[in-house]
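Analysis of the macromolecular model
What follows is each chain in one-letter form.
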Amino acid sequence: MRFFLFAFTLTFTIALIVLLDNPLTIGQSKTPSFGYFFSPQHGFWKNAESIYVDFNETLKPVGLKGNVDVYFDERLIPHVYAENENDVYFVQGYLHAKFRLWQMEFQTHVAAGRLSEIMGEDEAFLSKDRFFRRLGMVSIAQQSLEANEQNPVIKQELDAYTAGVNAYIEALKAIDYPLEYKLLDYQPEKWTNLKTQLLLKLMAFDLAGYDADFEMTNAKSIFSNSDLEKLYPTVQDSLAPIIPVNSKTPPSINLKKPATAEILNSDSILSKTAFNVIQPDKYNGSNNWAVSGRKTKSGAPILCNDPHLSLTLPSLWYEMQISTPSFSAYGASIPGSPSIIIGFNNHCAWGVTNASRDVKDYYEIKFRDSTMKEYLFDGKWKKSSFRSETIKIKGQPDKIEKIAVTVLGPVMYDRAYSNVLKDGKYYALRWMAQDVGDEVLTFNKLNHARNFSDFENALSTYGCPGQNFVFASKSGDIAIKQHGKFPAKWQRQGDFLMPGTDSTYAWQGYIPYGENPGEHNPNRGFVSSANQLAYKNSPYYLAGRPHIYRGITINKMLNNMSGISVDYMQKMQVNNYDAFAEQARPLLIKYLNPKDYNSDELAYLKILKAWNLENNFSEEGPTILDKWWRNLKNDVFNDEFARTTLPIKLPENSAILEQLLKDSTFKFVDNINTPQKESLRNMVNSSFKKACKDLDTAKQENYLPWGTYKNTEAKHILKIPAFSRLSLPIGGGQNCLNAATKTHGPGWRMIVELSINTNAYGVYAGGQSGNPGSSYYDNFIDKWASGKYYKLLFFDKENAARDKQIKWKMTFSKS
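Quick look at the structure, then. Small disclaimer: the values here were computed from a predicted structure and weren't measured. (Residues numbered from 1 in each chain as written. Predicted model: local features only at pLDDT ≥ 70, side-chain atom pairs only at ≥ 80, totals over all residues. Heavy atoms only, no water.)

**A short note on the overall build of the protein**
Within the protein one finds 23 helices and 30 strands. Rg of the C-alpha trace for the protein: 28 Å, near the compact-globule value of 28 Å for 815 residues, within the 12% margin. Taken along its principal axes, the extent of the C-alpha atoms in the protein is 80 × 75 × 70 Å. Across the 815 residues that make up the protein, the buried fraction comes to 60%. A sequence separation of at least 24 residues applies to 73% of the contacts in the protein between residues at least 6 apart. (Helix = DSSP H or I, 4+ residues; strand = E, 2+ residues; numbered from the N terminus. Rg over C-alpha atoms; globule rule 2.2 N^0.38 Å. Buried < 20%, exposed > 50% of the residue type's maximum accessible area, 1.4 Å probe, protein only. Contact = heavy atoms within 4.5 Å.)

**Describing the sheet that holds strand 13 (residues 360-364)**
What the 6 strands build is an open sheet, ordered 16-17-18-19-13-22; its pairing is mixed. Each edge of the sheet is formed by a strand with only one pairing partner; in this case those strands are strand 16 (385-393) and strand 22 (498-499). Summarising the sheet, strand 18 (residues 409-413) and strand 19 (residues 427-431) pair through 2 bridges and their orientation is antiparallel. Looking at strand 19, one finds that Y413 is bridged to Y427. Its contacts with the sheet place helix 5 (residues 123-135) against strand 16, strand 17 (396-406), strand 18 and strand 19, and it is angled at close to 150° to strand 16. (Pairing = 2+ DSSP bridges. Axes fitted to C-alpha atoms, helices over the stretch in contact; angles between N-to-C directions.)

**Overview of the packing of aromatic side chains**
Going through the model one piece at a time under the given rule, you end up with 46 aromatic pairs. Geometrically, the ring pair formed by W490 and Y505 is edge-to-face, given 6.1 Å between the ring centres and 70° between the ring planes. Residue W490 is found in the loop between strand 21 (478-483) and strand 22, and its partner Y505 is found in the loop between strand 22 and strand 23 (518-520); the two are separated by 15 residues along the sequence. On the accessibility criterion, Y505 (1% relative accessible area) is buried. A connected cluster of aromatic rings, assembled from ring pairs, spans F55, F72, F99, Y318, Y776 and W808. The ring centre of F496 lies 4.2 Å from the NZ or CZ of K220, which sits over that ring. Above the plane of the ring of Y510 lies K485, whose end atom (NZ or CZ) is 4.5 Å from the centre. (Phe/Tyr/Trp six-rings, centres within 6.5 Å; stacked < 30°, edge-to-face > 60°. Lys NZ or Arg CZ within 6 Å of the ring centre and 35° of its normal.)

**Re the nonpolar core**
Grouped together as the largest cluster of nonpolar side chains are 239 residues, with contacts concentrated most on L95, F106, F131, W431, L558 and M569. In terms of residue count, helix 3 (residues 85-112) provides more of this core than any other element does, 15 residues in total. Discounting residues that sit within four places of it in the chain, M569 has contacts with W289, I302, C304, L558, M561, I564 and I751. (Core = buried A, V, L, I, M, F, W, Y, C linked by side-chain atoms within 4.5 Å.)

**Let's talk about the pattern of salt bridges**
Applying the stated criterion across every chain yields a total of 35 salt bridges. Here E519 ties to R524 by a salt bridge, and the two come within 3.6 Å at their closest N and O atoms. For E519, a relative accessible area of 15% puts it in the buried group. Three or more residues are tied together by salt bridges with common partners; here these are R114, E117, E189 and K195. (Salt bridge = Lys/Arg side-chain N within 4 Å of Asp/Glu carboxyl O.)

**Some details on the packing of helix 7 (residues 152-171) against helix 12 (residues 439-448)**
Relative to each other, helix 7 and helix 12 sit at 90°, their axes nearing to 10 Å. By the angle between their axes, helix 7 is roughly perpendicular relative to helix 12. Residues V153, I154, E157 and L158 of helix 7 form the contact with helix 12, whose participating residues are V440, L441 and N444. (Parallel < 35°, antiparallel > 145°, perpendicular 65-115°, else oblique.)

The structure is reproduced here in structure tokens:
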């Protein structure tokens, strides 16, 4: 018996050792080696961080030319003081790596199409890798890097930043790897300048990578051209444009619209398939505005900016101050890239919102045969070039992606991409991010800027993604400039798939810098943008997405204000007023007959009527309107959309609402599948009945209050619930200035009053540390969700050294 127990124990122990020492396959994914992961000496326990952690440190990394002092305040914001510029970027890279290394590298793996390399065999990861490989992110990043490094200033900046990241990596022991490396069982690579460019190209994809070419082309199979103009208007009637006065500058590019452009609804270019194109969120955007000292209480300009991107943990943003003898800048940086991206210095402030321009066009390519070696272009057969991409898959054989490249760009969809296209056609992509732009130089110059002339000069090298840059200075200037490298397009160019056999459909040039929309010290005393179109009538087709309601609210509020204070700007940034609801609610209520409803349904109607049109967390009115509108929209368009199995873009709420306000006999209200003619009154009442059933469910399951229904969350990048912040107590919505939706929102809020002593406030949805075991991982989120701000401590070195809010000092000495 004793021998049996010994043998059993020995066998169990050996089995346990083997089990814990090897990864397990669960579904299509592999776990880490649990023995290592749970090891007290090496595993995730080492990432647990004491609330009394000491960040005081003296370092002598190789590569510094001088000494650098870093003072951390009580929020763990570093204030970096270097004796020269290259050293400040070295230390910025070091700090980004110290607090956000895994995030930085994981994002570049996404951009490079290398997720399968660390995540293993999973169709979702492989599909994303194949997409980004076909997009050619590495090659376009390499081309941009080679061009950017021709500028010695930028070459030195990138080299210094990379050296700083690597100084941290080289000193990092395996037991101290960020938790996610242990969880996924891999280790960090050395950083390179190319990785920084990849990160910037990923930002370009997030902000300038949305398109609906296939869906819009498919819409032509069920809608006439006149219907398309109503359902997908290029300009909305209620638009409050960024620039209120139309451009008086005649276009310098004489665009030639192809004669066949109006009849691009033939079967020859229609996509005959349903597919899932990888897209960024179409609501990626932002608010920004700057008000002249004429309208402020202090007499100093005030600049405000809140970019709306994915709410993730770790946050996209890392707050810091970088200072040298030539400049001192404070604000939001992006781990993986040098400089301050949104912020201010001793002389001025700047911010950005997405221009939301369509700079991504698909062309149908006609190849001679399935080898794709030759394609027809302007009546001649041209030779294709080819790019081979090797996708490494953890624990599995490599996959080879062979991509044909044409004069119009890489072929994104072909027969080898069988999980996407079933019709045997070929589509190449022309995307603005394929061109070289020097975004690193732009932000370098903005960090150094002193006046409006410097601001304009900084933007001159900027390429993609196109942004609305807002500016204010202590000298009193305010300005806005929509800038990027934009193709000069004829009306509707790129809204639909275009033939790739004819050069007349290719881009015919780029809008010159001086012809991009902008304003400098306008009479109305403010500039603003919220991702709406820049002009109502433009000499070029702006091809923008119809974000209109936040712009309406901003302009209305700023037009009516004077004696503006920072406190009021804070309240404005977190304003929950819904301009869409202001127009939609009376329209819907107008057609209801209260006699047709029971007491429960009338109770919902009473709540909706009493609602103050603010999407506050505990309000039930916004949920009632949202459910009602969704049901109405489905009732109006389900019959038309049922005519095809192809993916079709649903008209925007703004387009539907404007048509219903203008025309109560809107043709799509009638159900084409019934003999009788339905009226808007029929549809409104029917959809309200359906909404009430949905609302009963919401009431029973306790998500009738707007904040609970919307359920905003900041998820860990790997979607791990334990590392996420779920069910955040925040109101707002996509039509509110406080544009918090389920997964997106104003992740960084900043307000800068450009008084003699800069008066600045800010907050972001996250924390400085990327370590889920740190108390600095998500410690800003509660304040962010409640609409509160931190005073931004913009010090010179002498004041930083003696300020009571400074808790730690890190010293870098040249070796």
